[in-house]
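# Observations on chain architecture
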Amino acid sequence: MAEQEIQVHEKMQVNPPEGEFTREGPYFTPAVDICENEKELILKVDMPGVNGKNVEIDLRDGVLSIVGKVAEAAPEGQELLTEYRTGNYFRSFRITDVVDQEKITASMTDGVLTLVLPKSHKAVPRKIPIATT
Amino acid sequence: MRSLIPWRRGEVESREHSLATLRREMDDLFDSFFGSDWFLSGPYSGRKFVPAFDISETENEFVVKAELPGVDTKEVQVNLTGNVVTVSGEKKEEREQKSESVHRVERAYGSFTRSFTIPGDIQEDKAEASYKDGVLTLKLPKAESSKKKTIKIELK
C-alpha cells in the first residue's frame, strides 16, 4: 500500500477497424470526455501536439471520425527520458439520429478539441402546456 | 508413491510462514484489483493528471517536453534550480453547467508537480519555455562545461 508512485498514463495505440492507415507512424487513441445537457452533447478530446488546422473530422454513415495529425516531429538528439511517443490520433464514434448532424461544430484550443453536437429537434425535451378550460 | 518423492532438506514450511505468504498474496491481489489509492480517489473522481514528459539532449541544449492538453498557461509554473527543473500546474475541469450529465470521463484532471534533474549544467539565463497546442517545450542551453568536447589526436 505504501507505493504511491506516480504513473503516467500511456497512450494507447490503435489499429483502425477498416484496414490500415496509408500514412506511416503510430496512431493513438485520445482521451475523451462526453457530457450532455438538454440541448447538446459535448465531446472534449485531448490531442496534445495537434494544431486545429491538422484535424480532420469526418461524418459518414452515422460514424463521426476524428483524425488529428501531429505537426511536431519526434524529439531529435539523444533521448534521456521517454514517457510518451509522438504520433497522430484517431477515434471514431457512432452517432444516432438524436444528433442534428448538420449542425455539429468543432473548435480547438491548447490541444483540446471540443465538439458540440446539437440534439435534433425531436430529441430536445419540451414541456407541453395543458390548456385548462 | 510416497517413496518416489525425493526428500529435500528444509523444504517443509512452518505454519506461520505459510500464513505470512498467504497474507502477502492476498494483499497483492487486493492492490492489483483496487489500485493502491482506490479508497482515496473514489471511483468517480476521475484519474489523477500526471503529464508525460520527454527529455532529450542535443549537442547544444537539453529539450524537455510535456503533454499538457487543456492546461491554462497561467496555471503552469516552471522553475529552474541549479540543474533541477520543476514543472507544476493544474488542469482544471471545465464544465460550464451543472445540469450536464456526464457519459464518459477519460481525461484526467488535477494538479501536478514533476521535477527532473538534468544531467549537465545549464545556462540559466538563456532557458526558454513555450507552450503550443497543448505541448510545453523547455529549451535549456548547455553551459560550456557540459558540452561535449572532441579532441583530435594527431596520428604520428
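What counts, and where the lines are drawn
- Residues numbered from 1 in each chain as written.
- Chains lettered and ligands numbered in written order.
- Predicted model: local features only at pLDDT ≥ 70, side-chain atom pairs only at ≥ 80, totals over all residues.
- Helix = DSSP H or I, 4+ residues; strand = E, 2+ residues; numbered from the N terminus.
- Buried ≥ 20, exposed ≤ 12 C-beta atoms within 10 Å, placed from the backbone.
- Contact = placed C-beta atoms within 7 Å.
- Pairing = 2+ DSSP bridges.
- Axes fitted to C-alpha atoms, helices over the stretch in contact; angles between N-to-C directions.
- Core = buried A, V, L, I, M, F, W, Y, C linked by C-beta atoms within 7 Å.
- pLDDT = per-residue confidence, 0-100.

## Points about the overall build of chain B
Looking only at helices and strands, chain B features 2 helices and 8 strands. The 156 residues of chain B split such that 19% are buried. Looking at chain B alone, contacts between residues at least 24 apart form 56% of all its contacts between residues at least 6 apart.

## Remarks on the overall build of chain A
Looking only at helices and strands, chain A has 0 helices and 10 strands in total. Going residue by residue from the N terminus, the α and β elements of chain A occur as β-β-β-β-β-β-β-β-β-β. Residues counted as buried form 25% of the 133 residues belonging to chain A. Of the contacts formed within chain A by residues at least 6 apart in sequence, a portion of 50% connects residues at least 24 apart.

## Things to note about the sheet that holds strand E4 (residues 84-91) of chain B
Residue and element names in this part refer to chain B. In space, the 3 strands of this open sheet follow the order E3-E4-E6, with antiparallel pairing throughout. Two strands bound the open sheet, and with one partner strand each, they are strand E3 (77-81) and strand E6 (110-117). With strand direction ignored, the average angle separating the axes of adjacent strands in the sheet is 10°. Across 5 bridges, the pairing between E3 and E4 is antiparallel. Note on E4: the bridge partner recorded for Thr-81 is Val-84.

## With respect to the sheet that holds strand E2 (residues 27-29) of chain A
Note on sheets: strands pair through backbone hydrogen bonds, and any given pair is parallel or antiparallel. Residue and element names in this part refer to chain A. If you walk across this open sheet you meet the 5 strands as E1-E2-E8-E6-E5, and the pairing is mixed. Each edge of the open sheet is held by one strand with a lone partner, namely strand E1 (12-13) and strand E5 (50-60). Sheet topology places E5 next to strand E6 (residues 63-70); 7 bridges connect them, and they run antiparallel. Paired with Leu-59 across the bridge in E6 is Leu-64.

## Focus: the pairing of E6 of chain A
Regular strands place their side chains on alternate faces of the sheet. Residues and elements named next belong to chain A. Following E5, the chain reverses through 2 residues before pairing antiparallel with E6; Asp-61 in that reversal takes a positive phi of roughly 50°. Note that E6 and strand E8 (residues 88-94) share 6 bridges and pair antiparallel. Bridge pairing in E8 links Val-67 to Phe-90.

## Observations regarding the nonpolar core
All names here are of chain A. Of all hydrophobic cores here, the largest spans 20 residues; its most connected members are Leu-43, Val-45, Met-47, Tyr-89, Leu-113 and Leu-117. Looking at this core, the elements that each hand over two or more residues are E2, strand E4 (40-46), E6, E8 and strand E10 (112-118). Per element, the largest residue contribution to this core is 4 residues, and it comes from E10. Contacts of Leu-117, omitting those with residues within four sequence positions, involve Glu-40, Leu-41, Leu-43, Val-99 and Ile-104.

## Thoughts on the confidence of the model for chain B
Model confidence for chain B is summarised by a mean pLDDT of 79, while 74% of its residues fall at 70 or above. Per-element confidence in chain B is highest for strand E8 (residues 135-141) of chain B, whose mean pLDDT is 93, and lowest for helix H2 (residues 38-41) of chain B, whose mean pLDDT is 49.

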